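Structure assessment
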Amino acid sequence: MRHRMPGWEKVLRYLLMLAVLAVAVGPFVWQLSTSLKGTTEDIYTSPPRFLPAHPTLHNYAEVADIIPVWDYALNSLKVAAASVLTNLVGASMAGYALARLRFRGRRVAGLAFVMALLVPVESVLIAQFTMVRDLHLNNTLTAVVLPGSVGALNVLLMRNAFAALPYETEEAAVIDGANVWQRFVRIALPSVRGTLAVVAIFAFMGAWDDFLWPLVVLSDPDRFTLTVGLNFLHGTFQQNPRLVAAGTVIAVAPLLAMFACLQRYFFRGVGEGAVKG
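What comes next concerns the included structure.

On to the environment of Tyr96. The residue Tyr96 is located in helix 3 (residues 69-100) in this model. In this structure Tyr96 comes out as buried when scored by relative accessible area, which is 3%. Along the chain, Tyr96 and Ala161 lie 65 residues apart, while their C-alpha atoms are 8.8 Å from each other.

Further remarks concern the packing of aromatic side chains. With the rule as written, the count across this model stands at six aromatic pairs. Seen from their ring centres, Trp181 and Phe184 are 5.7 Å apart, and the 45° between their planes marks the pair as tilted. Separated by three residues within a single helix, Trp181 and Phe184 lie in helix 9 (residues 180-191), roughly one turn from each other. Using a relative accessible area of 6% as the deciding quantity, one classes Phe184 as buried. A centroid spacing of 5.6 Å and a plane angle of 10° characterise the contact between Phe204 and Trp208, whose relative ring orientation is stacked. Here Phe204 pairs with Trp208, and both are found in helix 10 (residues 193-209), just four residues apart, close to one helical turn.

Counting residues in each nonpolar core, the largest one holds 35 residues, and the members touching the most others are Val63, Phe204, Trp208, Val217 and Leu226. Among the elements of the structure, helix 2 (58-66), helix 3, helix 5 (125-134), helix 6 (141-145), helix 10, helix 11 (212-217), helix 12 (226-236) and helix 13 (241-270) are those that each provide at least two residues to this core. For this core, the element with the highest residue contribution is helix 13, accounting for seven residues. Among all residues touching Trp208, those that are not within four sequence positions of it are Ala73, Ser76, Leu77, Ala80, Leu226, Thr227, Ala251, Pro254 and Leu255. Of all hydrophobic cores here, the second largest spans 15 residues; its members include Tyr96, Ala163, Phe184 and Val192.

Attention now moves to the pattern of salt bridges. This structure, assessed with the given rule, holds one salt bridge. The residue Asp220 makes a salt bridge to Arg223 at a minimum N-O spacing of 3.1 Å. A relative accessible area of 34% means that Arg223 is categorised as partly exposed.

Moving on to the environment of Pro147. Its location among the elements puts Pro147 in the loop between helix 6 and helix 7 (152-163). Remark: the alpha-carbon pair of Pro147 and Val132, spanning 15 residues in sequence, is separated by 9.6 Å. Pro147 has contacts with Gln128 and Trp213, leaving out every residue within four places of it along the chain.

Okay, the packing of helix 3 against helix 9 next. One way to put it is that helix 3 packs onto helix 9 with a least axis distance of 12 Å and a crossing angle of 105°. Between helix 3 and helix 9, the angle is such that the two are roughly perpendicular. Residues Ser92, Met93 and Tyr96 of helix 3 touch helix 9, and the partners they reach there are Val180, Trp181, Arg183, Phe184, Ala188 and Leu189. Here the residues of the contact of helix 3 with helix 9 sort into seven nonpolar, one polar and one charged.

The next thing to look at is a nonpolar patch on the surface. On the surface, a nonpolar cluster with roughly 730 Å² of combined accessible area is contributed by Leu111, Val114, Met115, Leu117, Leu118, Leu153, Phe202 and Met205. Listing elements by their share of the nonpolar patch, those giving two or more residues are helix 4 (106-117) and helix 10. Here the nonpolar patch gets four residues from one element, more than from any other, and that element is helix 4. With respect to the helices and strands, Leu111 occurs in helix 4.

Our next topic: the side chain of Arg183. With respect to the element layout, Arg183 can be found in helix 9. Setting aside anything within four residues of it in sequence, one finds Arg183 in contact with Tyr96, Glu170, Ala173, Val174, Ala178 and Ala188.

Basis of the calculations
- Residues numbered from 1 in each chain as written.
- Predicted model: local features only at pLDDT ≥ 70, side-chain atom pairs only at ≥ 80, totals over all residues.
- Heavy atoms only, no water.
- Helix = DSSP H or I, 4+ residues; strand = E, 2+ residues; numbered from the N terminus.
- Buried < 20%, exposed > 50% of the residue type's maximum accessible area, 1.4 Å probe, protein only.
- Phe/Tyr/Trp six-rings, centres within 6.5 Å; stacked < 30°, edge-to-face > 60°.
- Core = buried A, V, L, I, M, F, W, Y, C linked by side-chain atoms within 4.5 Å.
- Contact = heavy atoms within 4.5 Å.
- Salt bridge = Lys/Arg side-chain N within 4 Å of Asp/Glu carboxyl O.
- Axes fitted to C-alpha atoms, helices over the stretch in contact; angles between N-to-C directions.
- Parallel < 35°, antiparallel > 145°, perpendicular 65-115°, else oblique.
- Nonpolar A, V, L, I, M, F, W, Y, C, P; charged D, E, K, R; others polar.
- Patch = residues over 30% accessible without salt bridge, like charges linked within 9 Å, V, L, I, M, F, W, Y side chains within 5 Å.
- Areas by Shrake-Rupley, 256 points an atom, 1.4 Å probe, with all protein chains shown as cover.

In structure tokens:
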């Protein structure tokens, strides 16, 4: 017999979900509202007014006039696309090796990826900069991509997804004469499409939102990513939060669009690899 939830518990759950929604989505809604308000409209009214009285896109056009925001966005898109590609290829291959292949040092390799998650990014920043400088890659978009080209978290996600697949399917392929590469490409990868979507989203978000490393390694304004470029906008126009809000919305919009396109695979991929760890 199915247990019926008490009414007060149902109300409490909905209130908690609304509170979490307000905390998570509220700041973005406020930024979107601010970016659509004209200069004659007060943005500090009490209580706050989320709906602009006279919505306008003038702030977005002014941001584009002040800084080359679309060039910055193109640079960020190049970095994010390269990061997605390298993570999909590298993390899937490493995850498959850790989950399905038998080799000496496999447990140590898996532990190394776990330990990599515990290392703060700031603690290796100088070593990363020294390395890309010695490779003569500083002040290039390639240098921005390299540190996050294969994320440890993405490798572990792929490892768990591959480990959850039944061995019988690969055993049948072995009997048919399939080698390791054929089993990886034709059997394993199509079975973990959801996790691949998760890795793609995480890699895109990490590369698109990264601020500290591009700020350190890039010195030519023509190569600035969007996050670095918008930081100069904020520093120059601190008294005009409408422009800052418009720049923030421009930076967040591609992330929302990507998640909207891949959300079906994302929620399916979250559950992949839950049977085995």
